[in-house]
Amino acid sequence: MARQPHYRLLAAPATDTELAAAYRANALFDAHRDDPEFGHRFLADEARAAGEPMTERTAWKISRGNRWWSTFRKRRGRGKSAKAGPPVSAHVSSERRASRCRLHQEAIVDHLFTVMGEAATPIARTGLAAEGLLERQHLQEWVIAHPQVLGESVLVVTAEYDRWADTDGVPARDRLDVLGLDATGRLVVVELKRGTADRDVHLQAITYAALVSRFDLSTLTQAHRDFLSRRGQNLDFDACRQRLLDHVDGEWSPELLQRPRQVIIAADFPKQVTHSVVWLSEMGLDIDLIQVGLWKVEEHVVAGFTKVYPTPEVEEFTLAPARVEGEAAAKKLQERARSRNAVHVLVGAGLLPEGTKLLMTPRHGATEAIRNAINAWVEEDGSRATAVWTNNTAQPLIWDADGASYSPTGLANHIFTSVTSRTADGIQGTTWWDVDTSQVPSDVDSEEWATLAGLNLSGLAKQLNGTRKDWTELHTLLGAVPAGRWTTYGDVAAVIGSHAVPVGRHLSTCGQCPSPWRVLNAAGRVSNGFQWADHTRTDTPAEILGTEGVRFNGAVADADKRLGPDALRQLLDI
């Protein structure tokens, strides 16, 4: 190297542009290592979330230059003529998948009975038309009142929407039945038919999906405001806008709005529809078929909604490579859904009592430098690092710093922006909040509460996934525990699919639980949070167990008398 360039290199080993490119390449490499199936567009999203913003074009150039290919899109052989390999399970044809869908559809509740002991009386199947029920006045209202039939955490934005007529030239008769917004920030287009669906019903749904994919936050806000106004709820524009933003857990993403999910609800679906929907799903569109059935039970009409596509079998298949980027988007949606669902799981399980103290530790979506900046910001005011839990699925956190209510991700985003003056992208806020186990609620055993140490809201939700506040199985199990034996809150929770803390809290308030004195904490002691539902009782669980033949060594029950999870399961099988 000549002397002059040599000294220039010593003075400035790398330009700012080269340094920025290196940081971006590092971020893309980390994202590719974590998710090797992602294409450059989604790698760019992950890099932005890690604090290295760049355009999709830049991500593509860096990925191409370093030969970081998506594992799903890697070609076989060399040269332009090389073809991608066949997809996994390619032998499972669209025809076979459609047939499975049809079989699943035809197998739904063929026979329904009312049962009185040994007698089973058939229930007659009926239909909306036969019962004089209409599509708009009845079926549509059922869906609006109970949007859970469309999927978890769907907010109805509007119904009977036709306001695009003036701008796009679409005739006003093209009326969208229902438009929803799920908690991941994705639109849900709903087409309703009270009888058998038309042969081209899927084309109608696609048309509406294409139209609403152009909507932005302002359009949706105005549509929602008009919808609520027609139903007697008068909210101003800003309140409606905030309602939409609060429903979405995470950053509002125009990208996700462009990929609406479609739901078609009908009494039956012709083969043309099921075959077409299977093929469209393979091409990357997300379409659900939900069958609505009606039965006459005495003088009452009972309605049931059942998803007939995608069936569990179809969902297990690996689809063609043409859907890879669509599935990557779905993965991103699932990650957001997990954040939203974590709150629902925790509230549904009853794990955290009202007033539980939470401590903040910035994690997902923040680089190390940003975490350090947040920690320094918190040192200026300790109340910024704490929040109080409430069992509100929409905004369960009350921040000590301002007394306002937030969702976990909403508060994490607020903190991120307050420190960096930038908008966060893709934060999973449920990973930022840990349970403060140093403060034990009055109705919780301290030893069981200590097991929550080091777990954030996301981690707790993973342990509790599938748990609900249905204590029927708990009551059955406790009724089967014989006198002279004992078990623990954790053992019971393991059998019924719950956690020791909500089991203990339920026993302290339930007046119908059989023999609650036979449930002790993990150490074999009577819980310090134990209390009788009948507050007039003065005897103790240890005294009752003693009369049943259980010896205590100090405060610890005889371990030989303990029934573990396997023994408890056998009691349920008897």
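Structural data are supplied above this passage.
A brief report on the enclosed structure follows. (Residues numbered from 1 in each chain as written. Predicted model: local features only at pLDDT ≥ 70, side-chain atom pairs only at ≥ 80, totals over all residues. Heavy atoms only, no water.)

1. Examining the overall build of the protein chain
To keep it simple, the criterion reads: Helix and strand assignments follow DSSP, with helices taken as H or I runs no shorter than four residues and strands as E runs no shorter than two, numbered in order from the N terminus. By definition in these notes, contact holds between two residues if any of their heavy atoms fall within 4.5 Å. Accessible surface area values rest on a Shrake-Rupley calculation with a 1.4 Å probe, where residue burial reflects the displayed protein chains alone.
When you go through the protein chain residue by residue, the secondary structure sums to 23 helices and 18 strands. Look at the contacts in the protein chain between residues 6 or more apart in sequence, and 67% of them connect residues 24 or more apart. Of the accessible surface of the protein chain, which amounts to about 29,000 Å², a share of 49% is contributed by carbon and sulfur atoms.

2. Some details on the packing of helix α19 (residues 472-480) against helix α20 (residues 489-496)
Inclusion rule: Every axis in this analysis is a line fitted to C-alpha atoms, fitted for helices over the stretch in contact. Angles between the N-to-C directions lie between 0 and 180 degrees. For classification purposes, angles smaller than 35 degrees are called roughly parallel, those larger than 145 roughly antiparallel, those between 65 and 115 roughly perpendicular, and all remaining angles oblique. Note on convention: near helix rotated counterclockwise from far helix by under a right angle means a left-handed crossing. Clockwise means right-handed. Side-chain classes follow a simple rule in which Ala, Val, Leu, Ile, Met, Phe, Trp, Tyr, Cys and Pro form the nonpolar group, Asp, Glu, Lys and Arg form the charged group, and the remainder, Gly included, forms the polar group.
Closest axis-to-axis distance for the α19/α20 pair is 10 Å, and the angle between their directions is 125°. Relative to α20, the element α19 lies oblique. α19 and α20 meet at a crossing whose hand is right-handed. Taking contact as the criterion, the partners of Glu473, Leu474, Leu477 and Leu478 in α19 are, on α20, Val492, Val495 and Ile496. Its residues assigned to classes, the contact of α19 with α20 shows six nonpolar, no polar and one charged.

3. Notes on the nonpolar core
Quick reminder of the rule: Nonpolar cores are built from buried Ala, Val, Leu, Ile, Met, Phe, Trp, Tyr and Cys residues. Side-chain atoms within 4.5 Å join them into one set. Buried means the residue's accessible area, taken with a 1.4 Å probe over protein chains only, is under 20% of the maximum for its type, while exposed means over 50%, and partly exposed covers the values in between.
Ranked by size, the top nonpolar core spans 38 residues in total, and within it Leu346, Leu352, Trp389, Leu411, Ile415, Trp432 and Trp433 carry the most contacts. If you list the elements that add at least two residues to this core, you get α14 (324-349), β10 (357-360), α15 (368-380), β11 (386-389), β12 (397-399), α16 (408-420), β14 (433-435) and α18 (457-464). Setting aside residues no more than four positions away along its own chain, Trp389 makes contact with Val343, Leu346, Val347, Leu352, Pro353, Glu354, Gly355, Thr356, Leu358, Pro396, Leu397 and Leu457. Among the nonpolar cores identified, the runner-up in size contains 28 residues, and Trp471, Leu477, Leu478 and Leu545 belong to it.

4. As for the sheet that holds β11
What counts, and what does not: At least two bridges found by DSSP between two strands are what make those strands a pair.
With respect to topology, five strands assemble into an open sheet ordered β13-β12-β11-β10-β14, the strand pairing being antiparallel. Strands with a single pairing partner mark the edges of an open sheet, and in this sheet they are β13 (405-406) and β14. For β10 and β14, the ladder comprises three bridges, and the chain directions are antiparallel. In the strand pairing of β14, Leu359 is matched with Asp434. Lying on the sheet, α16 is in contact with β10, β11, β12, β13 and β14; it crosses β12 at an angle near 25°.

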